[in-house]
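Chain and residue survey
The residues making up each chain are set out below.
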Amino acid sequence: MEFELKEEDFDKIKRHLKEILDSFGSDLRAAFQKDPAARSLVEVLTSYPGIHAVLLHRVAHFLWEIGLPFVPRYISHIARQITGIEIHPGAEIGKDFFIDHGGGVVIGETSEIGDNVTLYQ
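Every chain begins its residue count from 1, and numbering advances along the sequence as written. Whole-chain, interface and lining totals are the exception, using all residues; otherwise, since this is a predicted model, local features are given only for residues with pLDDT of at least 70 and side-chain atom pairs are given and counted only at 80 or more. Calculation of side-chain values draws on the structure's entire complement of heavy atoms; hydrogens and water are dropped beforehand.

Regarding unusual backbone geometry
Even without being glycine, D96 reaches a positive phi, approximately 60°. Examined against the element boundaries, D96 turns out to sit in the loop between β2 (92-93) and β3 (98-100). Here a strand is any run of E in DSSP of at least two residues, a helix any run of H or I of at least four, and the numbering for each starts at the N terminus.

Listed below in structure tokens is the structure:
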């Protein structure tokens, strides 16, 4: 199967990349609002597996949505190995999402998680 980008796909890609960045910013804010142990941006960015898993999910989800084969599942697999958190690239996740700790969390393909949700594990 060959994957080919069309001219109209580039606007969609720009829009989705902006959504990923906006959502990631709101996820970082959620970490600080919901975890009193979060002391600095560097600490959260480097040592919070929930933040890593959700960012990788947002990228994988975008690739899933545009129909790119294999890569989204591979990103999900790598994210699980790194973080212990498994999120299927087809899962729908809203903004302000925070996973505290997260070892063993599994979010399946048909999951729909709204805005301002926190998972404590």
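The discussion continues.
Brief notes about the side chain of K34
With respect to the helices, strands and loops of the structure, K34 is situated in helix α1 (residues 9-34). Accessible area is worked out with a 1.4 Å probe on protein chains only. A residue is then buried under 20% of its type maximum, exposed over 50%, and partly exposed in between. None of His or the chain ends enter the tally, which takes Lys and Arg as positive and Asp and Glu as negative. By definition here, a salt bridge exists when the distance from a side-chain nitrogen of Lys or Arg to a carboxyl oxygen of Asp or Glu is within 4 Å. One buried charged residue, K34, forms no salt bridge at all, with the nearest opposite charge on D96 at 6.6 Å. Filtering out sequence-adjacent residues up to four positions away, K34 remains in contact with D96, F98, N116, V117, T118 and Y120. In what follows, residue pairs with any heavy atoms lying within 4.5 Å of each other are defined as contacts.

Some words on the packing of α1 against helix α3 (residues 49-65)
Only the contacting stretch of a helix is used when fitting its axis, a line to C-alpha atoms as for every element, and angles between N-to-C directions run 0 to 180 degrees. Packing of α1 against α3 brings their axes to within 10 Å, and their N-to-C directions diverge by 160°. Taken together, the axes of α1 and α3 are roughly antiparallel relative to one another. Judged by the sense of rotation from one axis to the other, the crossing of α1 with α3 is right-handed. Seen from α1, the contacting residues are K12, I13, H16, I20, S23, F24, D27, L28 and A31; seen from α3, they are I51, V54, L55, R58, V59, F62 and E65. Every angle not falling under 35 degrees, over 145, or within 65 to 115 is termed oblique; those three ranges are roughly parallel, roughly antiparallel and roughly perpendicular. We call a crossing left-handed when the near helix sits turned anticlockwise from the far one by less than a right angle, and right-handed when that turn is clockwise.

A look at the packing of α3 against helix α4 (residues 71-83)
Interaxial distance between α3 and α4 falls to 8 Å at its minimum, and their mutual angle equals 175°. Looking at the two axes, α3 sits roughly antiparallel to α4. Contact residues: α3 offers P49, H52, A53, L56, V59, A60, L63 and W64, while α4 offers V71, P72, R73, I75, A79 and T83. In this classification, the charged set is Asp, Glu, Lys and Arg, the nonpolar set is Ala, Val, Leu, Ile, Met, Phe, Trp, Tyr, Cys and Pro, and all remaining amino acids, among them Gly, are polar. Its residues assigned to classes, the contact of α3 with α4 comprises 11 nonpolar, 2 polar and 1 charged.

Focus: the pattern of salt bridges
What the rule picks out here adds up to 3 salt bridges. A salt bridge links K18 to D22, with the nearest nitrogen and oxygen atoms 2.8 Å apart. Of this pair, K18 and D22 both sit in helix α1, separated by 4 residues, roughly a single helical turn. Note on K18: relative accessible area 51%, which makes it exposed. You can call D22 partly exposed: its relative accessible area is 33%. Between R80 and E86 there is a salt bridge, with its nearest N and O atoms 3.8 Å apart. Judged by its relative accessible area of 35%, R80 is partly exposed.

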